[in-house]
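Examination of the molecular architecture
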Amino acid sequence: MENGNKYSIEVVPKIPRKLLRLEELANNLWYSWDRPTRSIFAQLHPKLWDVAGHNPKVFLRRVDEHRLQEAAENQAFLTNYNRVLASYDSYHNDPPKLEGQEQFKNGDLIAYFCAEFGLHESFPIYSGGLGILAGDHCKAASDLNLPFVAVGFLYRQGYFTQRINADGNQLVHYNAADFDDLPVTPAVRDDGSPAHFSLEMPGRKIEVRVWQARVGHITLYLLDTDLDSNSESDRNITYQLYGGDRHMRIQQEIVLGIGGVRALAEVGLKPTVWHINEGHAAFLILERIRELIAQGLDFASALEAVAVNTVFTTHTPVPAGHDHFAHEMIMDYFSHFWPQLGIEAEHFFDLGRDPDNIHEFNMTSLAVRGSRHQNGVSRIHGDVSSGICRKLWPQIEPDENPMDYITNGVHVPTFLALEWADLFDRHLGGEWRNHLHDPAFWSRIDDIPDQQFWSVRQSLKSQMLYGIRHRLSLQHARNHGGEAHLDRLLKYCNADDPSVLTIGFARRFATYKRANLLFHDLDWLREITGDKDRPVLFVFAGKAHPADTPGHDLIRQVHGVANMPEFEGKVLLVEGYDLGLARRLVAGVDVWLNTPVYPMEASGTSGMKAGINGTLNLSVLDGWWGEGYDGTNGWAIKPAPDHFDEHKKYHEDSRTLYELLQDHVIPAYYNQSKMGYSHEWIKLAKRSMATIIPHFSASRQVGEYVSKFYLPAGKQGLVYAQDGYRAARELAQWKARVAASWPDIALRRLDAPLKRINFGETIHVEVAVRLNGLGPEDVRVEMLLGRSRSISHSKACMPFKFECSGQVGDEHVFVLDMQPELCGRLGYQVRVYPDHELLTHPHETGLMAWL
């Protein structure tokens with residue numbers, strides 16, 4: 001009998017009237033950090049909830065109607081449901097929470113641009129750390145009820161899902177999303193029509209549709225080119241995250257930057273502050289300049305008006321990691337654009353010209369030149385970024401250039417396990433949620449009984465081990481492994497007895513992250529893991545970029561060690577790393593291992609997520625851990641000296657790792673009392689939580705962006721825009737005059753330097769400065785005074801301003817009388833740099849001359 005045609009039809013259940021707001025909950029990513037919301041969906045059908053990938057919209061389309069009807073009559077379910085709605089409504093009616101800070105005004109609006117957003121595993125438009133950081137930034141902005149919108153891509157495929165085969169090869173699978181399954185709706189204009197616009201590409205125009213997603217209080221706008229009106233190649237622009245060649249990358253960045261500005265205009269929004277999170281969106285600077293020139297400004301004035309309220313955050317610790325495009329490519333893609341700016345092609349290219357490769361257009365260079373607020377994402381990374389970008393302010397020392405830092409944080413409600421929240425409610429009271437930034441409050445964590453603290457730790461570990469067993473069992477069966485071998489693999493992965501010391505390493509497999517540092521000396525590792533009375537379990541997870549061959553090699557290396565007879569069951573490699581697995585691991589393992597090459601870890605946030613859950617960090621002192629480690633809250637691998645070669649650094653760091661494991665970590669864990677736990681370990685874990693929660697939350701991070709950047713940028717932007725952008729025009733003209741005069745600026749000393757004075761006596765210094773047409777009001781002449789050993793570091797010195805006493809010929813005389821407040825051998829230098837009241841940063845011109 002021949003089979004006939006097969007048809008499919010989807011039958012969507014009708015939601016009972018009592019439960020109608022389930023759809024509202026499913027369409028607001030508030031569920032991504034509110035576990036009670038997710039739990040009411042899971043209660044309806046736990047197995048389907050897992051099959052649906054914890055996606056509320058998919059779940060509501062597939063759940064049997066009789067389950068909904070039964071739930072609508074189940075008083076216990078309705079009680080939980082109504083409790084969730086009450087919490088949801090209370091949250092969304094909250095006023096802004098900028099305690100102790102100046103508030104935003106009506107009309108203020110921050111627009112935050114990023115190429116990826118990691119909000120929840122059910123919304124796969126992220127690949128890793130950058131996206132999860134952006135997602136946490138949005139969540140914290142919602143918690144603070146900021147006037148805030150975000151702009152990104154609605155990828156049809158997003159990032160890949162991962163499988164690992166029996167040979168340790170990463171297998172990449174892309175799954176095209178049905179947008180009906182995602183928490184998005186079409187964005188509309190003020191008149192209710194769908195929001196869409198066109199963009200120019202070489203020889204054609206493309207159409208872009210705008211979607212929106214609700215993230216608590218805030219809206220995330222997402223761009224989509226997968227439209228019938230576009231060619232197949234143009235439809236692919238927003239199809240895949242970080243896919244394709246250089247042409248695909250520049251097209252994506254044009255859509256994100258230029259298209260993002262147009263998208264916000266389409267929906268009637270006028271941001272007052274623009275935040276470029278990594279250089280992918282830097283082309284927004286060009287579009288904003290174009291808009292102002294169309295209103296009558298000249299190019300230089302428009303650049304000042306745009307830059308003053310633009311914030312740029314860089315996350316990349318190496319120059320090669322910054323996006324750049326060849327001269328020919330920029331000329332091809334923007335030949336229609338620079339005439340609209342009233343400038344020549346090379347002047348346009350200068351906006352992004354890479355100081356180290358003048359034939360390359362660098363997106364970081366464009367972002368820096370088109371912004372006045374720049375930052376790295378940790379103290380160490382701020383210093384690294386100051387060095388990387390130093391040539392953009394050529395005469396300014398890196399420690400004084402405008403590159404600042406704000407250390408990343410994590411969204412505590414998302415990553416703090418519910419069990420901890422319940423324990424805090426019982427012992428600290430519900431007000432702990434309002435004290436996330438208060439170190440004194442978190443010292444009260446010591447008052448929690450050790451037994452209860454340990455019980456939560458073990459419960460979370462048990463849940464994690466259960467999840468790992470499930471994943472590895474499926475992985476093993478798919479790879480045709482035998483049952484007996486599976487038992488060997490899982491011998492320490494026992495959810496019923498979670499007593500084994502468990503150490504986790506989960507992040508992107510990139511060479512600089514050194515997942516293989518643990519395997520540098522396998523004999524030493526064999527000794528560490530060989531004690532049957534003190535077993536150790538290492539859990540690895542993570543993805544390598546599909547094009548990163550060395551990253552794939554690292555996965556194979558971990559897989560190879562895991563399959564050595566002496567390490568079977570002691571080293572596990574878990575496939576399918578995503579946000580869901582990450583939440584389990586950071587809360588469940590005992591130790592979080594991080595071994596990057598110093599100083600390549602810009603910030604890192606996975607260790608923060610672990611630390612807030614009482615997991616102890618064992619990490620290289622890089623990124624955030626350089627600020628977080630205090631000697632009592634985990635363990636630190638001090639980086640090997642810079643003068644060591646790479647091989648010796650690797651050897652030294654691995655030796656430190658083995659010594660810490662053997663001499664500190666394992667003994668501390670297994671130093672257990674008759675109660676079955678180590679008091680020493682619990683003291684460390686409590687200290688981890690007490691120090692990390694108040695200092696590394698996303699709400700602290702976003703609060704710093706508000707005070708350091710958002711509020712000042714909005715204010716300065718308003719000043720520049722008044723009276724037809726009078727201030728922007730004035731500053732642009734002044735900068736042009738200064739730039740023309742500066743090459744011939746010169747200083748000479750008029751007085752004879754003193755060798756020794758008594759404390760309390762006055763130093764009198766006179767210098768003559770040839771200003772080459774500038775006035776004394778255009779510059780600041782300054783002495784830097786400090787200890788002799790610190791005089792080479794400008795920030796370590798005290799500045800003293802000279803006053804102009806007159807003019808002699810073509811030179812102006814500047815004098816300073818000052819009494820040093822220090823004794824001993826001091827050093828001082830004299831310098832001059834441009835000065836104007838409208839400057840955002842005193843050194844933004846990049847110009848300085850020294851005596």
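Let me begin by describing the structure that accompanies this report. (Residues numbered from 1 in each chain as written. Predicted model: local features only at pLDDT ≥ 70, side-chain atom pairs only at ≥ 80, totals over all residues. Heavy atoms only, no water.)

**Remarks on the overall build of the protein**
Broken down by element type, the protein carries 29 helices and 29 strands. Here the C-alpha radius of gyration of the protein, 29 Å, is about what a compact globule of 851 residues would show, namely 29 Å. The principal-axis extent of the C-alpha atoms belonging to the protein is close to 100 × 65 × 50 Å. Look at the contacts in the protein between residues 6 or more apart in sequence, and 73% of them connect residues 24 or more apart. (Helix = DSSP H or I, 4+ residues; strand = E, 2+ residues; numbered from the N terminus. Rg over C-alpha atoms; globule rule 2.2 N^0.38 Å. Contact = heavy atoms within 4.5 Å.)

**Things to note about the packing of aromatic side chains**
Summed over all chains, the structure comprises 41 aromatic pairs. Aromatic ring contacts, followed pair by pair, group Phe-283, Phe-334, Phe-337, Trp-338, Phe-348, Phe-349 and Phe-361 into a single cluster. We note Lys-648 situated over the ring of Phe-644; from NZ or CZ to the ring centre the distance is 4.2 Å. When the ring centre of Tyr-405 is taken as origin, the NZ or CZ atom of Lys-708, which lies over that ring, is 5.2 Å away. (Phe/Tyr/Trp six-rings, centres within 6.5 Å; stacked < 30°, edge-to-face > 60°. Lys NZ or Arg CZ within 6 Å of the ring centre and 35° of its normal.)

**Observations regarding the environment of His-381**
Summarising the element assignment, His-381 is placed in helix 16 (residues 379-388). Residue His-381 is classed as buried on the basis of its relative accessible area of 1%. Residues His-381 and Thr-316, spaced 65 residues apart in sequence, show a C-alpha to C-alpha distance of 8.4 Å. Excluding anything up to four places from it in sequence, His-381 contacts Thr-314, His-315, Thr-316, Pro-317, Gly-376 and Ala-602. (Buried < 20%, exposed > 50% of the residue type's maximum accessible area, 1.4 Å probe, protein only.)

**A short note on empty space enclosed by the protein**
For the structure on display, the rule yields 1 cavity of 30 Å³ or more. A volume near 50 Å³ is recorded for the largest cavity. Residue contributions to the lining of the largest cavity peak at 4 residues, all from helix 9 (residues 246-266). The class makeup of the residues in the lining of the largest cavity is 6 nonpolar, 2 polar and 2 charged. (1 Å grid on protein atoms, 1.4 Å probe; cavity = no way out; pocket = protein on both sides within 12 Å on 5 of 7 lines; lining within 4 Å. Points joined across faces, edges and corners; volume = space filled by probe spheres on them. Nonpolar A, V, L, I, M, F, W, Y, C, P; charged D, E, K, R; others polar.)

**Quick look at the packing of helix 20 (residues 450-478) against helix 24 (residues 579-588)**
Packing of helix 20 against helix 24 brings their axes to within 8 Å, and their N-to-C directions diverge by 140 degrees. Between helix 20 and helix 24, the crossing angle belongs to the class labelled oblique. At the point where helix 20 passes helix 24, the crossing takes the left-handed sense. Where helix 20 abuts helix 24, its residues Arg-457, Leu-460, Lys-461, Gln-463, Met-464, Ile-468 and Arg-471 lie against Leu-581, Arg-584, Leu-585, Ala-587 and Gly-588. Here the residues of the contact of helix 20 with helix 24 are counted per class, giving 6 nonpolar, 2 polar and 4 charged. (Axes fitted to C-alpha atoms, helices over the stretch in contact; angles between N-to-C directions. Parallel < 35°, antiparallel > 145°, perpendicular 65-115°, else oblique. Left-handed = near helix turned anticlockwise from the far one by under 90°.)

**So, the nonpolar core**
Ranked by size, the top nonpolar core spans 179 residues in total, and within it Phe-123, Phe-283, Phe-334 and Tyr-710 carry the most contacts. The biggest single contributor to this core is helix 29 (residues 698-741), with 15 residues. The contacts of Tyr-710, once residues within four sequence positions are left out, are Phe-104, Ile-110, Tyr-112, His-137, Phe-148, Val-273, His-275, Val-311 and Tyr-705. (Core = buried A, V, L, I, M, F, W, Y, C linked by side-chain atoms within 4.5 Å.)

**Considerations on the sheet that holds strand 26 (residues 803-808)**
Pairing within the open sheet is antiparallel, and its 4 strands lie in the order 22-23-27-26. Every interior strand has two partners, whereas the edge strands, strand 22 (746-749) and strand 26, have only one. Going across the sheet, the axis of each strand differs from the next one's by a mean of 30 degrees, ignoring polarity. Direction of pairing for strand 26 relative to strand 27 (residues 811-818): antiparallel, over a ladder of 5 bridges. In the strand pairing of strand 27, Glu-803 is matched with Val-815. (Pairing = 2+ DSSP bridges.)

**A closer look at helix 18 (residues 418-427)**
Taken together, the buried positions of helix 18 are occupied by Trp-420, Ala-421, Leu-423 and Phe-424. Projected down its long axis, helix 18 shows its buried positions confined to an angular sector of 165 degrees, all on one face. Each element contacted by the buried residues of helix 18 is listed here: helix 19 (439-442), helix 20 and helix 28 (679-692). In the segment just after helix 18, Gly-429 is the residue with positive phi, at about 85 degrees. (Arc of directions from axis to C-beta.)

**Points about the sheet that holds strand 13 (residues 357-362)**
Whether parallel or antiparallel, the strands of a sheet pair through hydrogen bonds between backbone atoms. Ordered in space as 11-13-12, the 3 strands form an open sheet in which the pairing is antiparallel. Looking along the sheet, the strands with just one partner apiece sit at the ends: strand 11 (324-326) and strand 12 (353-354). For strand 12 and strand 13, the ladder comprises 2 bridges, and the chain directions are antiparallel. Opposite Arg-353, over in strand 13, you have Phe-361 as the bridge partner. Lying on the sheet, helix 12 (residues 327-334) is in contact with strand 11 and strand 13; it crosses strand 11 at an angle near 85 degrees.

**Re helix 16**
Among the 10 residues of helix 16, 7 are classified as buried, and the element is accordingly described as predominantly covered. Among the residues making up helix 16, those that are buried are Ile-380, His-381, Gly-382, Val-384, Ser-385, Ser-386 and Gly-387. Elements that come into contact with the buried residues of helix 16 comprise strand 14 (373-376), strand 15 (403-405) and helix 26 (625-628).

**Some details on the packing of helix 2 (residues 35-44) against helix 6 (residues 75-92)**
Helix 6 packs onto helix 2 with a crossing angle of 155 degrees between their chain directions and a minimal axis gap of 9 Å. Relative to helix 6, the element helix 2 lies roughly antiparallel. Of the two elements, helix 2 crosses helix 6, and the hand of that crossing is left-handed. Mapping the contact onto sequence places Pro-36, Thr-37, Ile-40, Gln-43 and Leu-44 in helix 2 and Phe-77, Asn-80, Tyr-81 and Val-84 in helix 6. In terms of residue class, the contact of helix 2 with helix 6 is built from 6 nonpolar, 3 polar and no charged.

**Quick look at the pattern of salt bridges**
Here the structure, examined in full by the defined rule, presents 50 salt bridges. Glu-287 is paired through a salt bridge with Arg-290; the nearest N and O atoms lie 2.7 Å apart. Of this pair, Glu-287 and Arg-290 both sit in helix 10 (residues 284-294), 3 residues apart, which is roughly one turn of that helix. Classification of Glu-287 by relative accessible area gives buried; the value is 1%. A relative accessible area of 19% places Arg-290 in the buried class. Residues participating in the shared-partner salt-bridge network are Arg-156, Asp-226, Asp-228 and Arg-235. (Salt bridge = Lys/Arg side-chain N within 4 Å of Asp/Glu carboxyl O.)

**Regarding the side chain of Arg-583**
By the element assignment, Arg-583 lies in helix 24. Overall, Arg-583 belongs to the buried group, its relative accessible area being 12%. Apart from the residues within four sequence positions on either side, Arg-583 is in contact with Arg-35, Arg-38, His-120, Glu-121, Thr-414 and Phe-415.

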